[in-house]
Amino acid sequence: METKAQPAAAAETLRRTANYHAAVWGPRYFASIPLDESVFESYTKQVEEMKVHVKNMLIDSKVNNLETVKLINLLCRLGVSYHFESEIENFLNQAFDSMHNLARENDVCNLDTTAILFQVFRQFGYKMSCDVFNKFRDINGNFKESLANDVKGMLSLYEASHLITHGENILDKALAYTSTRLLKFVESECESPLAKHIAYALQQPFHKGIPRIESKQYISFYEQDDCCNEMLLKLAKIDYNLVQLFYQRELNQLSRWYNILDIPSNFPYARERIAEIHMWSLGTYSEPRYSDARVILTKVITMISILDDTYDLYGTIEELRLLTDAIDRWDIDVIDQLPEYMRFLYSSLLNVYHEFENQLKSEGRSYAVSYAKYAMKEVSRAYHLEAEWFHTGIVPTFDEYLENGLLSSSYHAILSGSFLGMGEIAGVDAFEWLKSNPKMVRALMAIGRLMNDIVSHKDEQKRGDAASGVEVYMKQYGASEGEAVKYVEKKVADAWKDINEGLMMRPNNMSMHLLMAVVNLSRTSHFFYKFGDKYTDSISSKDYVKALFVDQIPLNA
């Protein structure tokens, strides 16, 4: 049952608005992008041919293991490592112990090599000890000043230090040491290609970036490298363009659903952000095999976004109580209890999850949708509690706020939605693990909630929103805004350590693909909320949308 919304019918009620700007990229734009199958086929053929050569490079027994690790690192940075998962996993599994011991030796691995070894093994879930860096410290436990002359090594150590877990003080010191010295290098050598690479890394470390965005950026750095492998560079460029064609197909398909939803007409108070939401989806999993999963996830996040704006801005507290009850009951027969403008929202929400059930029946996984519904009900209840706090003037304690804020971050619902399209690896055990709110998932939710609070709290207070984590901390402890922000930033840093620990819990019965969805969602939050709110202010993300969805990488450069 679908009932078109009629917001004007509720015009007599005084309602708040954020005056969000119109979409920079609407569904009509992506519906009009031409899809050339011949280009798709040509790119696919070229990628398959080059993959054979790279696989031979990875399994060549004549190649030194250190060089193989460096090759794996390069493939990761160029965004093509997903083609060689089995070869990489087999090598790392067999080589971990010997490489771990080798990294500790003074006369074998220099700073650059040691840091690359450390980063590669950790990012694939193998917890190489941070004591491999002890050989670079002086008698006082500080990093040797002579290391500042090894700029590439310093950059590698800087990148590796972001894979820190709790209690690893040496990595805290490594981050502080390298950040200071690398910044000095950038200031003195600002025009060199290496300085530009470092300047970018200081703003956006690889481990905390959306993989596809980081790959495109690294391609531009790599092609200026004197040691550039032209075949690998060509593979990276063509693969980037090929995967972009998948994204264009997905957006073309989603544009039809968006046109039916018609956010500007049916929910004029809400943000229409088809491109930015699909960035969340490809940030979660960028590989072609997850094309259908990205379409599912974009629909999930779209519904969450509309609900968020309804609870935050447009709905009266009486209406929101009715909506929360209806979502909790998840029954189309209760639609008549809702005000007219909410009925289309409610029917759209139920319809899209019913669509998911039909889609997953062929896989024998329709049961998974019940977990996703449960998570959506949690989000609704968390939004409702924040609305009650706002309308009754209650300011909770920071701990009370954060406990609810983990759910209102919506990341549990987003992660549940992301698992729907991941196939048999996301079975009952995976959803039960997710439902249990393990430390890694709570860390993801904390990153999303608190980073959003840091960059958005001033604008939210101007329009009279409920208190964010920054405000509730200030009120509870009589702290200044700066002190509150510093405290919240520390909570985010600790959450990243939990994320990294979760990634390295090997052996583990959880698929690495599922764990990487958690890591990648954390990275996507970092991207959207590190410097402002790139989701709400979609003008600030315009160039990234163009790079990911519109502009191909020139192949003759």
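Calculation notes
- Residues numbered from 1 in each chain as written.
- Predicted model: local features only at pLDDT ≥ 70, side-chain atom pairs only at ≥ 80, totals over all residues.
- Heavy atoms only, no water.
- Helix = DSSP H or I, 4+ residues; strand = E, 2+ residues; numbered from the N terminus.
- Rg over C-alpha atoms; globule rule 2.2 N^0.38 Å.
- Buried < 20%, exposed > 50% of the residue type's maximum accessible area, 1.4 Å probe, protein only.
- Salt bridge = Lys/Arg side-chain N within 4 Å of Asp/Glu carboxyl O.
- Disulfide = S-S within 2.5 Å.
- Core = buried A, V, L, I, M, F, W, Y, C linked by side-chain atoms within 4.5 Å.
- Domains from an automatic or database assignment.
- Contact = heavy atoms within 4.5 Å.
- Phe/Tyr/Trp six-rings, centres within 6.5 Å; stacked < 30°, edge-to-face > 60°.
- Lys NZ or Arg CZ within 6 Å of the ring centre and 35° of its normal.
- Axes fitted to C-alpha atoms, helices over the stretch in contact; angles between N-to-C directions.
- Parallel < 35°, antiparallel > 145°, perpendicular 65-115°, else oblique.
- Left-handed = near helix turned anticlockwise from the far one by under 90°.
- Nonpolar A, V, L, I, M, F, W, Y, C, P; charged D, E, K, R; others polar.
- Buried area = accessible area lost by both parts, 1.4 Å probe.
- Polar contact = N/O pair within 3.5 Å; in protein donor to acceptor, adjacent residues only side chain to side chain.
- Expected span 1.5 Å × (residues − 1).

(A) The arrangement of the overall build of the protein in detail. From N to C terminus, the protein includes 24 helices and 0 strands. For 557 residues, the compact-globule formula gives about 24 Å, and the C-alpha radius of gyration of the protein, at 24 Å, lands near that figure. The principal-axis extent of the C-alpha atoms belonging to the protein is close to 75 × 60 × 45 Å. For the protein, the residues scored as buried account for 58% of the 557 residues in total.

(B) Just the pattern of salt bridges, in detail. One pass over the structure, following the stated rule, counts 26 salt bridges. The partner of E388 in a salt bridge is R321, with the nearest N and O atoms 2.7 Å apart. In this pair, E388 is assigned in helix α16 (residues 368-392) and R321 in helix α14 (residues 317-329), connecting sequence segments 67 residues apart. Residue R321 is classed as partly exposed on the basis of its relative accessible area of 40%. Through salt bridges with shared partners, a single ionic network connects R271, D308 and D309.

(C) Structural context of the state of the cysteines. Under the counting rule described, the total for this entry stands at 0 disulfides. C130 provides the cysteine sulfur closest to C109, a residue in no disulfide bond, and the two sulfurs are 16 Å apart. You can see C227 has no disulfide; the closest cysteine sulfur is in C228, sitting 9.2 Å from it. Owing to a relative accessible area of 67%, C227 belongs among the exposed residues under this scheme.

(D) Here's a closer look at the nonpolar core. By size, the foremost hydrophobic cluster in this structure holds 192 residues, and its most contacted members are F133, Y353, F419 and F549. For this core, the leading source of residues is helix α10 (residues 230-261), giving 16 residues. Formed jointly, this core draws a minimum of three residues from each of two domains, domain 1 (58-208) and domain 2 (245-263 + 270-549). Those residues in contact with F419, other than ones at most four positions away along the chain, are R365, A426, A430, F431, W433, L434, L514 and A517.

(E) Broad picture of the packing of aromatic side chains. According to the stated counting rule, one finds 34 aromatic pairs in the structure shown. Summarising the aromatic geometry, the rings of F267 and Y269 are spaced 6.4 Å apart at their centres and angled 75 degrees between planes, so their arrangement reads as edge-to-face. We classify F267 as buried; its relative accessible area is 0%. The exposure class of Y269 is buried, given its relative accessible area of 5%. Counting every residue linked through ring pairs, the aromatic cluster contains W280, Y411, F527, F528, Y529 and Y544. The ring of F531 carries K530 above its face, with NZ or CZ at 5.9 Å from the centroid.

(F) Geometry of the environment of D107. Along the chain, D107 turns up in the loop between α4 (85-104) and α5 (111-123). Note on D107: relative accessible area 70%, which makes it exposed. C-alpha of D107 to C-alpha of D309: the two residues are 202 residues apart in sequence and 59 Å apart in space.

(G) Broad picture of the side chain of R122. Within the element layout of this structure, R122 appears in helix α5. Setting aside its immediate chain neighbours within four residues, R122 contacts K127, M128, S129, C130, L163, I164, T165, E168, L171, L503 and M504.

(H) Here's a closer look at the packing of helix α13 (residues 291-314) against helix α15 (residues 340-361). One can describe the packing of α13 onto α15 by two numbers: an axis separation of 11 Å at closest approach and a directional angle of 160 degrees. The orientation of α13 relative to α15 falls into the category roughly antiparallel. For α13 against α15, the interelement crossing comes out left-handed. Residue-level inspection shows D292, I296, K299, V300, M303, I306, L307, T310 and Y314 of α13 in contact with α15, the latter providing Y341, M342, L345, S348, L349, V352, Y353, E355, F356 and Q359. Of the residues assigned to the contact of α13 with α15, the class counts are 13 nonpolar, 3 polar and 3 charged.

(I) Molecular detail of the domain arrangement of the protein. With domains assigned, the protein is organised as domain 1 (58-208) and domain 2 (245-263 + 270-549). Computed from C-alpha coordinates alone, the two centres of domain 1 and domain 2 are separated by 33 Å. Taken together, the contact pairs 19 residues of domain 1 with 19 residues of domain 2. Between domain 1 and domain 2 lies a buried interface of about 1,800 Å² when both sides are counted; carbon and sulfur atoms form 55% of it. In terms of surface lost to domain 2, no three residues of domain 1 exceed H166, H207 and K208, which account for 34% of the buried area on that side. Taken together, the connections running from domain 1 to domain 2 amount to 2 salt bridges. Where domain 1 touches domain 2, the interface holds 8 residue pairs in polar contact (both at pLDDT 80 or more). Contributing elements (two or more residues each) for the side of domain 1 that touches domain 2: α4 and α5. Here the side of domain 1 that touches domain 2 is composed, by residue class, of 5 nonpolar, 8 polar and 6 charged.

(J) Region of interest: α14. In this model, α14 (13 residues) spans 18 Å end to end at C-alpha, consistent with the 18 Å of a helix rising 1.5 Å per residue. Buried within α14 are the following residues: I317, E319, L320, L323, T324, A326 and I327. In this structure, the buried residues of α14 make contact with α13, α15 and α16. Two residues or fewer after α14 comes W330, characterised by a positive phi angle close to 50 degrees.

(K) Structural view of unusual backbone geometry. Positioned with a positive phi, W330 is a non-glycine residue whose angle comes to about 50 degrees. Turning to its location among the elements, W330 is positioned in the loop between α14 and α15. Look at N437: it is not a glycine, yet its phi comes out positive at around 55 degrees. Among the secondary structure elements, N437 is positioned in the loop between α19 (428-435) and α20 (439-462).

(L) Broad picture of the environment of M99. Relative to the helices and strands, M99 resides in helix α4. The class for M99 is buried, based on a relative accessible area of 3%. Excluding anything up to four places from it in sequence, M99 contacts N65, L66, V69, L117, F121 and M128.

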